[in-house]
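# Reading the structure
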2 protein chains.
Amino acid sequence: MAGLIEPLQRLANQFARLPSIGPKSAQRLAFHVLSMSAEQVNALADAIVAAKQQVHFCSICGMFTDQQTCDICRDPRRDSGVICVVKDPKDVLAMERAREFHGQYHVLHGVIAPMSGVGPDDIRIRELLQRLEGGTVREVILATNPDVEGDVTAMYLAQLIKPLGIKVSRIAHGVPIGGELEYTDDITLSKALEGRREL
Amino acid sequence: MAGLIEPLQRLANQFARLPSIGPKSAQRLAFHVLSMSAEQVNALADAIVAAKQQVHFCSICGMFTDQQTCDICRDPRRDSGVICVVKDPKDVLAMERAREFHGQYHVLHGVIAPMSGVGPDDIRIRELLQRLEGGTVREVILATNPDVEGDVTAMYLAQLIKPLGIKVSRIAHGVPIGGELEYTDDITLSKALEGRREL
């Protein structure tokens, strides 16, 4: 016997394609599936398919949702006069954990990265400018990561938005330079929001 | 928004139930599923369900198989006169990687562990004795892990099998004491087989 039988090997291969799961872990996970009840196995498979089928982007802010618009955009208690611009849906979750921001979000789904061929038209900048046309937005907080591409994107957006007479701010450098928003602790994120400065 | 939307949270919860995947990793995996194509997502879900449905135990040795009997038990080139007794199907894979053993296996699916309430009748000892009744088996190699429970199980089996006039051996202590067969390198496993001594 060269190795695993086909259905097991196929499952291990599938697990190994997921991020941060190596071949050894993938094999262990495949064995674990065999030890689960048929009910548990179906629940896992169903959750995978359902998440992919039911989750898409909010038509306003670009956050994940299983409705037409997301919970935050639909919440009348959120201040629609302040928009916090982030790179990824995961960054919205990080900001929400800080419990300091009560406005709405705009997810760019990327940052300007000329080296990777990502220009301003490849991320959701057009949609952001359309949201600003209504005249209700008083301030745009730029919360892209404090790395080169995040800073470039923030500067680019500031130059576009300031002429519209809207206040533009950047979250403070409480977020460690070179770090990722997703991994920043709640207190640091709170401080970063408090200490934001106008651009 | 308290956290993830329902389909994403449900998927993250499912991933978090798998071994060595914490809540943070589970969330990352759930997000990753959204970034996969519908085709890739279905392939993953199908592999999970298919593995559980198609894989069961070999009716002879107890190894995983998607047939009535496993590849090794059906292979006429394997010496049916020597049976290597292991705790888990994973241990069969480890032994096979060593490429030193050319007999057949018997998977106990556990070891005697009085503290956990696992007695001789709870593992596949009866099935092993039935295989020995045919008279073709010349030697039984006990390859349970070199820990307390593995040693106890080996001693118990030796006392049962020796009166049948069959040679009983234990793999040598090339396997590090307290270690797990599954994580032992191929050379150490080869040495352990070569240096086995009669009990």
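Cut-offs applied
- Residues numbered from 1 in each chain as written.
- Chains lettered and ligands numbered in written order.
- Predicted model: local features only at pLDDT ≥ 70, side-chain atom pairs only at ≥ 80, totals over all residues.
- Heavy atoms only, no water.
- Helix = DSSP H or I, 4+ residues; strand = E, 2+ residues; numbered from the N terminus.
- Rg over C-alpha atoms; globule rule 2.2 N^0.38 Å.
- Buried < 20%, exposed > 50% of the residue type's maximum accessible area, 1.4 Å probe, protein only.
- Phe/Tyr/Trp six-rings, centres within 6.5 Å; stacked < 30°, edge-to-face > 60°.
- Least-squares fit on C-alpha atoms with pLDDT ≥ 70 in both.
- Contact = heavy atoms within 4.5 Å.
- Pairing = 2+ DSSP bridges.
- Right-handed = clockwise from strand over helix to strand, strands pointing away.
- Buried area = accessible area lost by both parts, 1.4 Å probe.
- Salt bridge = Lys/Arg side-chain N within 4 Å of Asp/Glu carboxyl O.
- Polar contact = N/O pair within 3.5 Å; in protein donor to acceptor, adjacent residues only side chain to side chain.
- Axes fitted to C-alpha atoms, helices over the stretch in contact; angles between N-to-C directions.
- Left-handed = near helix turned anticlockwise from the far one by under 90°.
- Nonpolar A, V, L, I, M, F, W, Y, C, P; charged D, E, K, R; others polar.
- pLDDT = per-residue confidence, 0-100.

## Examining the overall build of chain A
When helices and strands are counted, chain A shows eight helices and seven strands. By the compact-globule yardstick of 16 Å for 199 residues, chain A is too spread out, its C-alpha radius of gyration being 21 Å. Expressed along its principal axes, the backbone C-alpha trace of chain A runs to roughly 70 × 35 × 35 Å. Counting over 199 residues, chain A shows a buried share of 50%.

## Side note on the packing of aromatic side chains
Within this structure, the stated rule accounts for six aromatic pairs over all chains. Arranged with centres 5.6 Å apart and planes meeting at 25°, the rings of Phe57 of chain A and Phe64 of chain A form a pair that is stacked. Judged by relative accessible area, which is 46%, Phe57 of chain A ranks as partly exposed. Taking the relative accessible area as the measure of exposure, Phe64 of chain A reaches 11% and is therefore buried. Ring-pair connections join several aromatic residues into one group, and the members of that group are Phe31 of chain A together with Phe57 and Phe64 of chain B.

## A short note on the relation of the copies chain A and chain B
Each copy of the chain is related to the other by a rotation around an axis and a translation along that axis. Under the fitted operation, chain A is carried onto chain B by 0.0 Å of movement along the axis and a turn of 180°, and the coordinates agree to an RMSD of 0.1 Å. In the structure described here, the two chain copies are related by an operation that fits a two-fold rotation axis. Across chain A, the smallest distance between a C-alpha and the rotation axis is recorded for Ala45 of chain A, namely 2.3 Å. Interface overlap between copies: 100% of the residues of chain A at the interface are likewise at the interface in chain B, consistent with a symmetric, same-surface contact.

## As for the pairing of strand 5 (residues 139–142) of chain A
All names here are of chain A. In strand 5, alternate side chains face the same way, and those of Glu139 and Ile141 on one face and Val140 and Leu142 on the other are all buried. Strand direction decides the pairing type here: strand 5 and strand 6 (residues 167–170), joined by four bridges, are parallel. When the sheet's bridge partners are listed, Ile141 is paired in strand 6 with Ser169. Chirality of the crossover, the property in question, places the unit of strand 5, helix 7 (residues 148–161) and strand 6 among those that are right-handed.

## Structural notes on the interface of chain A and chain B
Each partner contributes to the interface: chain A provides 52 residues, whereas chain B provides 52 residues. Carbon and sulfur atoms make up 71% of the surface buried where chain A meets chain B, a total of about 5100 Å² over both sides. Inspection of the region where chain A meets chain B yields zero salt bridges. At the junction of chain A and chain B, the tally comes to four residue pairs in polar contact (both at pLDDT 80 or more). Contributing elements (two or more residues each) for the side of chain A that touches chain B: helix 1 (6–16), helix 2 (23–35), helix 3 (38–54), strand 2 (64–65), helix 4 (71–74) and helix 5 (89–98) of chain A. Counting residues per element, the side of chain A that touches chain B draws most heavily on helix 3 of chain A, at 14 residues.

## Things to note about the pattern of salt bridges
Residue and element names in this part refer to chain A. Evaluation of the coordinates by the stated rule reveals twelve salt bridges over all chains. One salt bridge in this structure joins Arg10 and Glu6, with 3.1 Å as the shortest N-O distance. With Arg10 and Glu6 both in helix 1 and four residues apart, the pair spans about one turn of that helix. When its relative accessible area of 31% is taken as the criterion, Arg10 is described as partly exposed.

## Some words on the packing of helix 1 of chain A against helix 3 (residues 38–54) of chain B
The interhelical angle for the contact between helix 1 of chain A and helix 3 of chain B, taken along N-to-C directions, is 145°, at an axis separation of 9 Å. The handedness of the crossing between helix 1 of chain A and helix 3 of chain B is left-handed. Only Gln40, Ala43, Leu44, Ala47, Ile48, Ala50, Ala51 and Gln54 of chain B of helix 3 of chain B make contact with helix 1 of chain A, whose side of the interface consists of Pro7, Arg10, Leu11, Gln14 and Phe15 of chain A. Here the contact of helix 1 of chain A with helix 3 of chain B is built from residues that sort into nine nonpolar, three polar and one charged.

## Notes on the environment of Val85 of chain A
All names here are of chain A. Mapped onto the secondary structure, Val85 falls in strand 3 (residues 79–86). Between the C-alpha atom of Val85 and that of Thr144, which follows or precedes it by 59 residues, the distance is 6.8 Å. Setting aside chain neighbours within four positions, we find Val85 in contact with His106, Leu108, Leu128, Val140, Ile141, Leu142, Ala143, Thr144 and Leu157.

## Thoughts on the confidence of the model for chain A
With 94% of its residues at a pLDDT of 70 or more, chain A shows a mean pLDDT of 90. Taken over the whole predicted complex, pTM reads 0.74, whereas the ipTM for its chain interfaces reads 0.75.

## A word on the environment of His32 of chain B
With respect to the helices and strands, the residue His32 of chain B is situated in helix 2 (residues 23–35). Residues His32 of chain B and Asp71 of chain B, spaced 39 residues apart in sequence, show a C-alpha to C-alpha distance of 36 Å. Excluding residues within four positions of it along the chain, His32 of chain B makes contact with Arg17, Leu18 and Pro19 of chain A.

## A look at the packing of helix 5 of chain A against helix 2 of chain B
The N-to-C vectors of helix 5 of chain A and helix 2 of chain B enclose an angle of 145°; their axes lie 12 Å apart at closest approach. In this structure, helix 5 of chain A contributes Lys90, Leu93 and Arg97 of chain A to the contact, and helix 2 of chain B contributes Lys24, Gln27, Arg28 and Phe31 of chain B. For the contact of helix 5 of chain A with helix 2 of chain B, the per-class residue count stands at two nonpolar, one polar and four charged.

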